[in-house]
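Below, each chain spelled out in residue letters.
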Amino acid sequence: MNIAKIEARAAKPKLGIRPRFGVVWKYRWLYAFMIPGILYFIIFKYVPLWGLIMAFKNYQPYAGLMGSEWVGFAHFQHFFGMDEFWQLFRNTLLLGLYNTVIYFPITIVLALLLNEIRKEAFKRVVQTLVYVPHFLSWVVIAGISYVLLSTENGIINSGITALSGQTVEFLTSTAWFRPLIILQLIWKDAGWGTIIFLAALAGVNTQLYEAARMDGASRFRLLWHITLPSIRSVIVVLFILRMGTFLDLGFEQIFLMLNAINREVGEVFDTYVYRVGLLQGQFSYSTAVGLFKSVIGFILVILANKIAKMFGEEGIY
């Protein structure tokens, strides 16, 4: 080891227990603000991990979690071996890809468009309009979809009938199910998804824009060479975090839009867990399915973070 490094390490002051406590006490109110977040993760994220043992047991309510029979990987073998597995995996994977490839870039584009609005009053009005749908429940969104798309007195279908004399089976068509889910998601949450990007855009150095304008850069050049590179790290971090919920598509939205006709393309892991876990009482089996989905999300986060570091980004750890 280099002698200079050894001397620098020896000369570096070490914090004892008392100085460290002094630092904590100095910033005690900042640490106090962390307490609600820490309690949230402990209560709702870490404590429930104990229940994952149910995936390896044949859980019986009367016997309790510890008294139930240990079955190992039997539930996983049954899940992977059934014919319905590949249908569920395909449906979940396709909706996850559409969510990542279509919805996620739209939030970035929308944030860039909002950032280009120069009149603050008009910008606030537009932001409010795109934020409002986020606060509507999926029950309301599904109700609006039925009112608009129903073949019986639906507003859109009434217009199509008046023009062509035919109706389009939006709500029962297997071809329309996935586009409808993505369109609902974009309308409801795309505006809300721009908040972090707008915060990142607010921190871009305005002197860079002024220098580029003096060099004759167009608006598109400013966007491509200054704005996007400035928020690239934020985009990468959010993309990595999104990989953790790649298979988590949201139970409420898909459950409300499912019916007997489109179930072939609409049934995903979340709705399957509800059907076999709560309706049929197969608690251990549904826990195994949920654990499989979580493990896949964890692996995707690790891979996405590693790829981001290969391209020179910091990643999330």
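Parameters at a glance
- Residues numbered from 1 in each chain as written.
- Predicted model: local features only at pLDDT ≥ 70, side-chain atom pairs only at ≥ 80, totals over all residues.
- Heavy atoms only, no water.
- UniProt positions renumbered as here; feature names shortened; annotations may be inferred.
- Helix = DSSP H or I, 4+ residues; strand = E, 2+ residues; numbered from the N terminus.
- Buried < 20%, exposed > 50% of the residue type's maximum accessible area, 1.4 Å probe, protein only.
- Contact = heavy atoms within 4.5 Å.
- 1 Å grid on protein atoms, 1.4 Å probe; cavity = no way out; pocket = protein on both sides within 12 Å on 5 of 7 lines; lining within 4 Å.
- Points joined across faces, edges and corners; volume = space filled by probe spheres on them.
- Nonpolar A, V, L, I, M, F, W, Y, C, P; charged D, E, K, R; others polar.
- Domains from an automatic or database assignment.
- Expected span 1.5 Å × (residues − 1).
- Arc of directions from axis to C-beta.
- Core = buried A, V, L, I, M, F, W, Y, C linked by side-chain atoms within 4.5 Å.

The chain appears in an unreviewed UniProt entry as Sugar ABC transporter permease from Paenibacillus oralis. The heading Sequence similarities (unreviewed entry) in the UniProt record of the chain holds the text "Belongs to the binding-protein-dependent transport system permease family."

1. A closer look at the side chain of Asn91
Within the secondary structure, Asn91 sits in helix 6 (residues 84–115). Accessibility expressed as a relative area gives 0% for Asn91, which makes it buried. Those residues in contact with Asn91, other than ones at most four positions away along the chain, are Arg178, Arg263, Glu264, Val265, Gly266, Glu267 and Val268.

2. Things to note about the layout of surface pockets
Estimates place the volume of the largest pocket at around 1,000 Å³. Forming the boundary of the largest pocket are 26 residues, of which Phe44, Lys45, Leu49, Gly244 and Ser294 lie nearest the centre. Listed by contribution, the elements that provide at least two residues to the lining of the largest pocket are helix 3 (28–46), helix 17 (269–279) and helix 18 (283–310). The class makeup of the residues in the lining of the largest pocket is 14 nonpolar, 8 polar and 4 charged. Counting contributing residues per domain, the lining of the largest pocket is built from domain 1 (24–63) and domain 2 (83–311), each supplying no fewer than three. Quantified by volume, the second largest pocket comes out at close to 700 Å³.

3. Quick notes on helix 13 (residues 219–230)
Taking 1.5 Å of rise per residue, 12 residues should cover 16 Å, and helix 13 covers 15 Å from first to last C-alpha, within 8% of that figure. Restricting attention to buried positions, one finds in helix 13 the residues Leu222, Ile226 and Thr227. Down the axis of helix 13, the smallest arc covering the buried residues is 90 degrees, so these residues share one side. Seen from the open side of helix 13, the exposed residues pointing more than 90 degrees away from its buried face are Phe220 and Trp224. Contacts from the buried residues of helix 13 go to helix 6, helix 11 (195–202) and helix 12 (206–214).

4. Section: the nonpolar core
Formed by 18 residues in total, the largest nonpolar core has its most connected members in Phe79, Met82, Phe269, Tyr272 and Tyr285. Listing elements by their share of this core, those giving two or more residues are helix 6, helix 14 (232–244), helix 17 and helix 18. Here this core takes 6 residues from helix 18, the largest share from any one element. Those residues in contact with Phe269 that lie beyond four places of it in its chain are Phe79, Phe85, Leu88, Phe89, Thr92, Leu247, Val289, Phe292 and Lys293. Val126, Tyr131, Phe197 and Ile231 belong to the second-largest nonpolar core, a separate cluster that totals 15 residues.

5. Here we look at empty space enclosed by the protein
Under the counting rule described, the total for this entry stands at 1 cavity of 30 Å³ or more. Here the largest cavity defines a volume of roughly 50 Å³. Leu95, Asn99, Ile181, Ile182, Leu185, Leu249, Gln253 and Ile254 together form the lining of the largest cavity. Counting only elements with at least two residues in the lining of the largest cavity, the list comes to helix 6, helix 10 (174–189) and helix 15 (251–257). Here the element with the most residues in the lining of the largest cavity is helix 10; it accounts for 3 residues.

6. Observations regarding helix 5 (residues 74–81)
Of all the residues in helix 5, the buried ones are His75, Phe76 and Phe79. Across the axial projection of helix 5, the buried residues extend over an arc of 95 degrees, all falling on one side. Residues of helix 5 that are exposed and angled more than 90 degrees away from the buried face: Gln77 and Gly81. Against the buried residues of helix 5 lie strand 1 (57–58), helix 6, helix 17 and helix 18.

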